[in-house]
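Read off the chains here:
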Amino acid sequence: MTAHMLHIDHLGHRYGVGPPVLADIQLTVPDGQLVTLVGPSGCGKSTLLRCVAGLTRPAEGRVTLDGEPVDRVPDRLGVVFQDYSRSLFPWLTVRDNVSLPLRRQGLGRARRHEEAALMLEQVGLAGTGKQHPWQLSGGMQQRVALARALAARPALLLMDEPFGALDAQTREDLEDLLLRLHREGGLTVLFVTHDIDESVYVGDRVVVLAPGPGHVRADLPVELPPVRDQIATRALPEFTELRAEVGRAVRPAGTATP
Amino acid sequence: MKRGEALLGCAGAAGAFAVCETLSRTGLVPSADLPPASEVLARAVELGGQAAFLDGVAATLQAWAGGLGLACALAVPLGLLLGSVPAANTAARVLIEFLRPVPSVALIPLVSLLLGSGTATTVTLVTYAAVWPILFNTVYGMGETDPVAKDTLRAFGFGRFAVVLRVALPSAAPFIAAGIRISAATALILAVATEILAGFGEGLGIFVAQAGTATDGTRDVLAGVVWAGLLGLVINSLLVGAERRLFPWTPDHRARRA
Ligand SMILES: Nc1ncnc2c1ncn2[C@@H]1O[C@H](COP(=O)(O)OP(=O)(O)O)[C@@H](O)[C@H]1O
Ligand SMILES: [Mg+2]
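Residues numbered from 1 in each chain as written. Chains lettered and ligands numbered in written order. Predicted model: local features only at pLDDT ≥ 70, side-chain atom pairs only at ≥ 80, totals over all residues. Heavy atoms only, no water.

Draft legend 1. Local environment of the sheet that holds strand 9 (residues 205–210) of chain A. All names here are of chain A. An order of 6-7-8-3-9-10 is seen for the six strands of this open sheet, with the pairing classed as mixed. Lying at the two open borders of the sheet, with one neighbouring strand each, are strand 6 (77–80) and strand 10 (215–221). Averaged over neighbouring strand pairs, the angle between their axes works out to 15° when direction is ignored. Across four bridges, the pairing between strand 6 and strand 7 (residues 156–160) is parallel. Counted as the bridge partner of Val79 is Leu158 from strand 7. Here helix 6 (residues 168–185) sits on the sheet and contacts strand 3 (34–38), strand 7 and strand 8 (188–193); the angle it forms with strand 3, its principal contact strand, is near 140°. (Pairing = 2+ DSSP bridges. Helix = DSSP H or I, 4+ residues; strand = E, 2+ residues; numbered from the N terminus. Axes fitted to C-alpha atoms, helices over the stretch in contact; angles between N-to-C directions. Contact = heavy atoms within 4.5 Å.)

Draft legend 2. Highlighting the site of ligand 1. Residues and elements named next belong to chain A. Surrounding ligand 1, one finds Tyr15, Val21, Pro40, Ser41, Gly42, Cys43, Gly44, Lys45, Ser46 and Thr47. Within the backbone of Cys43, an N or O atom sits 3.3 Å from an oxygen atom of ligand 1. Here Gly44 contributes a backbone N or O atom positioned 3.1 Å from an oxygen atom of ligand 1. In isolation ligand 1 exposes 560 Å². Once the protein is present, 54% of that is buried. (Near = heavy atom within 4 Å. Polar contact = N/O pair within 3.5 Å; in protein donor to acceptor, adjacent residues only side chain to side chain. Areas by Shrake-Rupley, 256 points an atom, 1.4 Å probe, with all protein chains shown as cover.)

Draft legend 3. Region of the structure containing the nonpolar core. Residues and elements named next belong to chain A. In this structure, Val98, Leu146, Leu157, Met159 and Val246 are the most contacted members of the largest nonpolar core, which totals 49 residues. The dominant element in this core, judged by the number of residues it contributes, is helix 5 (residues 138–151), at seven residues. Residue-level mapping places this core at the junction of two domains, with at least three residues from each of domain 1 (4–76 + 155–250) and domain 2 (91–146). Those residues within four positions of Leu157 in sequence are excluded, and the remaining contacts are Gly78, Val79, Val80, Leu146, Ala149, Leu150, Leu178, Leu187, Thr188, Val189 and Leu190. (Core = buried A, V, L, I, M, F, W, Y, C linked by side-chain atoms within 4.5 Å. Buried < 20%, exposed > 50% of the residue type's maximum accessible area, 1.4 Å probe, protein only. Domains from an automatic or database assignment.)

Draft legend 4. Quick peek at the interface of chain A and chain B. Taken together, the contact pairs 21 residues of chain A with 19 residues of chain B. Looking only at chain A, the three residues that lose the most surface to chain B are A:Arg86, A:Trp91 and A:Trp134, adding up to 35% of its buried area. Joining chain A to chain B, the criterion identifies two salt bridges. Between A:Arg86 and B:Asp146 there is a salt bridge; the shortest N-O distance is 2.6 Å. Inspection of the chain A/chain B interface yields five residue pairs in polar contact (both at pLDDT 80 or more). At the level of secondary structure, the elements contributing two or more residues to the side of chain A that touches chain B comprise strand 6, helix 2 (84–87) and helix 5 of chain A. (Buried area = accessible area lost by both parts, 1.4 Å probe. Salt bridge = Lys/Arg side-chain N within 4 Å of Asp/Glu carboxyl O.)

Draft legend 5. Inspection of the pairing of strand 9 of chain A at higher detail. Residues and elements named next belong to chain A. Counting buried positions along strand 9 gives six out of six residues, so the element sits mostly inside the fold. The two faces of strand 9 match: Arg205, Val207 and Leu209 on one face and Val206, Val208 and Ala210 on the other face are all buried. Pairing of strand 3 with strand 9 involves four bridges; the strand directions are parallel. By the bridge assignment for strand 9, Leu37 is matched with Val207. Hairpin connection from strand 9 to strand 10: four residues lie between these consecutive antiparallel strands, with Gly212 at a positive phi of about 80°.

Draft legend 6. Representation of the UniProt feature "transmembrane region" (unreviewed entry) in chain B within the structure. Residue and element names in this part refer to chain B. If you check UniProt for "transmembrane region" (unreviewed entry), the listed places come out as residues 63–85, 106–135, 155–180, 187–209 and 221–240 in our numbering. The straight-line gap between the two end C-alpha atoms of residues 63–85 is 33 Å; of that span, 96% is helix and 0% is strand. Strand forms 0% of residues 155–180 and helix 85%; the C-alpha atoms that close the span are 33 Å apart. (UniProt positions renumbered as here; feature names shortened; annotations may be inferred.)

Draft legend 7. Representation of unusual backbone geometry in the model. All names here are of chain A. In this structure, Pro213 follows Gly212 across a cis peptide bond, with omega equal to -25°. Looking at the secondary structure, you find Pro213 in the loop between strand 9 and strand 10. One non-glycine residue, Asp66, lies in positive phi territory at about 50°.

Draft legend 8. Fine view of the UniProt feature "domain: ABC transmembrane type-1" (unreviewed entry) in chain B. Sequence positions flagged by UniProt for "domain: ABC transmembrane type-1" (unreviewed entry) are, in local numbering, residues 57–239 of chain B. Along residues 57–239 of chain B, the helical share is 85% and the strand share 0%, with 19 Å between the first and last C-alpha atoms.

Draft legend 9. Expanded view of the domain arrangement of chain A. Residues and elements named next belong to chain A. Parsing chain A into structural domains produces domain 1 (4–76 + 155–250) and domain 2 (91–146). The C-alpha-based centres of domain 1 and domain 2 are spaced at 25 Å. Contact with domain 1, which involves 13 residues of that partner, is made by eight residues of domain 2. Carbon and sulfur atoms supply 67% of the area buried between domain 1 and domain 2, which totals about 770 Å² over both sides. It is Leu174, Leu177 and Leu181 that lose the most area in domain 1 upon contact with domain 2, and together they represent 44% of the buried surface on that side. Connecting domain 1 to domain 2 are two residue pairs in polar contact (both at pLDDT 80 or more). Secondary structure elements with two or more residues in the side of domain 1 that touches domain 2: strand 7 and helix 6.

Printed below as a string of structure tokens:
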């Protein structure tokens, strides 16, 4: 039996007295799976992610991680937000940004720096530790954010449209980097995107969230070889078929915008 | 400051100098009321070689630094508290709005009466005047903290207190520094003004006050004023320089570098 690390049970949410944003979300993610969560802007993806992270307390239902209810920010969590320039701390060096989560584990300074250097190497940024985030390109900054999220060896990695602000080439490089780290590290990932192609290329499984209020419209396994290639994989008939299926779920016939 | 700006600044000063010199030399204004600028300047330089005068300047600067330091020690922690605990802010609002419009100079007689006319009075008044800009800038800067930065730290498992110290404080630091720079100017005004009103002891203000009662003391009064202005200018440029070095990530300073 596989361990079900993340369990979302009848989750619903509204902000204050506003309209419901999420309704009756039901989702179980086994250990080591990379689930992409795709849906149009405003359908509640970020809200769902925040509920899983323990940053927002859902109005209804609950989230459990390894059987433990999430009522505060869980341990062993890594988070990457879309807006790297606001998420990285400009007053800290790259190294201090990456090693910040390790402070919570009580590691000494030397050990933290060692770990940070290792993580930076993992994301292809060896030797940048002494620079400041704002001295790096957008793609490099998001690599730093990824290194920071992985520094504390999280069991669960949450990513909210992490590559949405990057140019196409950088975005593909980072998608492949994420896939490699996922394969090697075996971590569980919840990856939010509004890009249908990306959701299929990166995911082991695609969950389509539909608006009004946000609910799961489709839950599709991705049957593509685990080692993927930007050109070869995207040319596979399985890829095109699944992309079309996700596309239909995101934008059902008749609702397509002109 | 760019070269062009520096040149324009020098040109402006030279122009004012020429006007004062001409007014006095041509007899448009009696030279007892307005001695020629060159004489005032010569006297100011001469004063720079007199140990007694320099001791006075040192005494004024000491009171200034003591008051400003005390103001920082009070206003920054208080600002952190008011900026992070909304209830504390609400509770303090009425008191602060009552105290703020009271001109510090108006308190000079009262404080002199209570503390006598010595360093304690000067430091107290300097502190009082310097607290407000630092306090308001700290609270304002805390309010400007990016919610994404706060969420990032929370997602790595840090608590409320850590968020204040590790995110809100550093991101408010440029605002706090600007508040300190504003306070530094006000503090200098208060230090000199308190001395002038107190009238005896040691200090730049004392020098000006005593010259003001001497026959033909206008030249000394003005030379003292030149010194006060110069101190203000030097202090301000030092603080601006420090801000630029300490907070290179702020958009303002980054644009300057580019
Ligand atoms: N802090 C908030 N307060 C009130 N409404 C919010 C807040 N955050 C998001 N919303 C609303 O909730 C809905 C879902 O938002 P979000 O979860 O950010 O969607 P997505 O990430 O899919 O774009 C939107 O209508 C948005 O306006
Ligand atoms: Mg979002």
